[in-house]
Amino acid sequence: MQDANRYKELRSAYDMPPPSSDPLLTEVNKGTATGEMLRCYWHPIELSEAVKDVPLKVRVLGEDLILFRTKNGAPGLLHPRCCHRGTTLYYGRTEETGIRCCYHGWLFDPQGICLEQPCEPDPNHVNARYRQPWYPLEERYGLVFAYLGPPDRKPLLPKYDVLENLAPEDLLISHGDSVGSGGAKRIHCNWFQTHENVMDPYHVLILHSSFSTVQFTPEMGRNMRVSFHNTDTGLHSVQLRDLEDGSTLRRLSELVIPNVRIVADPRLKIMGPTNNVAWTLPIDDVTTRIFTVFRFSENDDIPTNIGGGAMYGGKTWYELDEPGHQKYPGDYEAQVGQGEVTLHSEEHLAFSDEGVRMFRKLIKAAVRDVENDNDPIATFRSDPATINCVAGNFIDEEA
Ligand code: FES
Ligand SMILES: [Fe+2]
């Protein structure tokens, strides 16, 4: 799709050909090739602690749904339109075993099974053909995960070794405010351009280290040697930075197909294997949210601004006014600045985009696999369904 010579012959911008996005990288809706591929994986849709008895409206992969928790503690994810005569379950009430529609009181359990129809002659005798459309859920790491794909293709919900086998003093902190993008509650662009940023280590030298002052730490701005490597579940980058004391900072960042990002602390306060795993959730084609789960020990100095990430001229992202966003742009500005859905036809990829190229290739291979009825990469059907993370910050002493 990309043509390196596309702009070479232009007499002026007037000659620009019509631009386009690559649908195989960007479309998330049901029925699209990539939307169907994304539906073959589990996605976090909300923090467990946010799912209480009051029903929530959630939007996932372009679908509007109702998320709730029964008084018995089970989460449920149902289509909003009640299967009786169609009012929304958003106005429903949760009870011990399910959610009751406000209009005529039909009661649905988390699997959509209708348990009661109080206006019918025998309210407890429910015809089995009445069932509210539902999706399966599982809770792990303080997140509610949903599977929106074909039931016969449902894989196991994977585990991540860095979040498993907790010692008594260890704790997991789950976060839903897009830590990797300044802490924005919602990122107003397509998920893909946000996610592929993880395989773009070079932007750290410019965006985070010089253009917008030092957003992480001065060491992150040092020149580096970068290589990219495929793994069993995706790919990772290795970034080698020579430090002043003669040692080398070896930093590994990782993507698990399709939308998991595993990045070590960019402020270099946490060394060794990474302490967090994050998921880039496509809410719809033009809205994104990142969930992150951190592992800490009670004895750690746990930052209060855990979701804030970078600093922007001494301020958090949320404290910036408009001139501040212009003066200290970060990941959010750069990625939303690419447009709601970036225009792949207008790009001119260069040497430093090798990781982006490799990630796109893996996504397209996963789309093809699903189209051919094969399991895509990073699909687990037997235990241990555990991903061994490679990401981290490591110091190699001088040889
Ligand atoms: S519309 Fe829901 S019970 Fe009638
Ligand atoms: Fe970044």
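These numbers were taken from a predicted model, which means no experiment stands behind them.

Peer 1: Pulling in residues and values, what's your account of the overall build of the protein?
Peer 2: Each helix and strand in the protein was counted, giving seven helices and 22 strands. Relative to the globule expectation of 21 Å for 399 residues, the C-alpha radius of gyration of the protein, 23 Å, shows essentially globular dimensions. In the protein, 61% of the contacts between residues at least 6 apart in sequence involve partners at least 24 apart. Surface summary for the protein: the accessible area is close to 18700 Å², and the carbon and sulfur share equals 51%. Charge-centre separation for the protein: the mean point of 40 positive side chains lies 4 Å from the mean point of 57 negative side chains.

Peer 1: Account for empty space enclosed by the protein, naming residues and giving values.
Peer 2: Within the structure shown, the criterion is met by two cavities of 30 Å³ or more. When its volume is computed, the largest cavity comes out at roughly 140 Å³. Lining the largest cavity are 19 residues, and of these Tyr41, Trp42, Pro158, Tyr160 and Val260 lie nearest its centre. Classifying every residue of the lining of the largest cavity gives 17 nonpolar, two polar and no charged.

Peer 1: Could you give an account of the sheet that holds strand S1 (residues 42-47), naming the residues involved and the relevant values?
Peer 2: Taking strand neighbours across the sheet as the criterion, the three strands line up as S1-S11-S10 in an open arrangement whose pairing is antiparallel. Here the strands that pair on one side only, and so sit at the sheet edges, are S1 and strand S10 (137-140). Adjacent strand axes in the sheet meet at a mean angle of 35 degrees, parallel and antiparallel pairs treated alike.

Peer 1: Any chance you could break down the coordination of the iron ion (ligand 2) for me, citing the residues and the numbers?
Peer 2: At this site the iron ion (ligand 2) is bound by His203 (NE2), His208 (NE2), Asp331 (OD) and Asp331 (OD), with donor distances of 2.1 to 2.3 Å. One can describe the donor arrangement at the iron ion (ligand 2) as irregular, given that its four donor atoms subtend angles of 58 to 151 degrees at the metal. All donors of the iron ion (ligand 2) come from a single chain, and their spacing in sequence reads H-x4-H-x122-D. Note that His203 is positioned in helix H4 (residues 203-211) and Asp331 in helix H6 (residues 331-336), a separation of 128 residues in sequence. Across this residue pair, the class does not change: His203 and Asp331 are buried.

Peer 1: Explain the domain arrangement of the protein residue by residue, including any values.
Peer 2: Domain boundaries in the protein define domain 1 (45-139) and domain 2 (155-396). Between the C-alpha centres of domain 1 and domain 2 the distance comes to 35 Å. Across the contact, eight residues belong to domain 1 and ten residues belong to domain 2. For the pairing of domain 1 and domain 2, the buried interface totals around 750 Å² over both sides, and the portion due to carbon and sulfur atoms is 59%. In this structure, Asp284 engages Arg59 in a salt bridge whose closest nitrogen and oxygen atoms are separated by 2.9 Å. Taken together, domain 1 and domain 2 are joined by five residue pairs in polar contact (both at pLDDT 80 or more). Among the elements of the structure, S1 and strand S2 (56-60) are those that each provide at least two residues to the side of domain 1 that touches domain 2. For the side of domain 1 that touches domain 2, the leading source of residues is S1, giving three residues. Of the residues belonging to the side of domain 1 that touches domain 2, the class tally is four nonpolar, one polar and three charged.

Conventions used here
- Throughout this description, residue numbers start from 1 for each chain and increase along the sequence as written.
- As a convention, the first chain written is A and the first ligand written is 1, with the rest following in written order.
- Only residues with pLDDT of 70 or above have their local features reported here, since the model is predicted, and side-chain atom pairs are shown and tallied only from 80 upward, although totals for entire chains, interfaces and linings are computed over all residues.
- Hydrogens and water are ignored here; the side-chain numbers use all heavy atoms of the structure.
- Starting at the N terminus, helices and strands are each numbered in turn, a helix being any DSSP run of H or I of at least four residues and a strand any DSSP run of E of at least two.
- Within these notes, the globule rule equals 2.2 Å times the number of residues to the 0.38 power, and the radius of gyration is based on C-alpha atoms.
- Contacts: residue pairs with any heavy atoms within 4.5 Å of one another.
- Here the Shrake-Rupley method, with its probe set to 1.4 Å, supplies the accessible areas, and only the displayed protein chains count as covering residues.
- Under this rule, positive means Lys or Arg and negative means Asp or Glu; His and the chain ends count for nothing.
- By convention, the charge on Lys lies at NZ, on Arg at CZ, on Asp at CG and on Glu at CD.
- Within this scheme a cavity is a closed region of a 1 Å grid, computed over the protein atoms alone, that accommodates a 1.4 Å probe without allowing it to escape, whereas a pocket is open but has protein on both sides within 12 Å along at least five of seven lines; lining residues each have an atom within 4 Å of a point.
- Grid points are joined across faces, edges and corners, and a volume is the space filled by probe spheres set on the points.
- By the convention adopted, Pro, Cys, Tyr, Trp, Phe, Met, Ile, Leu, Val and Ala count as nonpolar, Lys, Arg, Asp and Glu as charged, and the other residues, Gly among them, as polar.
- A pair of strands is labelled paired if DSSP reports no fewer than 2 bridges between them.
- What counts as an axis is a line fitted to C-alpha atoms, over the stretch in contact for a helix, and the angles between N-to-C directions run from 0 to 180 degrees.
- Each metal site lists N, O and S donors within 2.8 Å (3.2 Å for Na, K and Ca). With water left out of the atoms, a site can look as if it is missing ligands.
- Angular criteria define each label, namely tetrahedral for four donors with all angles between 85 and 135 degrees, square planar for four and octahedral for six donors with opposite donors over 155 degrees apart and remaining angles between 65 and 115, and irregular for whatever fails these tests.
- Buried means the residue's accessible area, taken with a 1.4 Å probe over protein chains only, is under 20% of the maximum for its type, while exposed means over 50%, and partly exposed covers the values in between.
- By convention here, the domain bounds are inherited from an automatic or database domain assignment.
- The quantity reported as buried area is the accessible area (1.4 Å probe) lost by two parts once they are put together, taken as the sum for both.
- A pair is scored as a salt bridge if a Lys or Arg side-chain nitrogen falls within 4 Å of a carboxyl oxygen belonging to Asp or Glu.
- Contacts described as polar in this section are N or O atom pairs within 3.5 Å, which, within protein, must combine one atom able to donate a hydrogen with one able to accept it, while residues neighboring in sequence count only if both atoms come from side chains.

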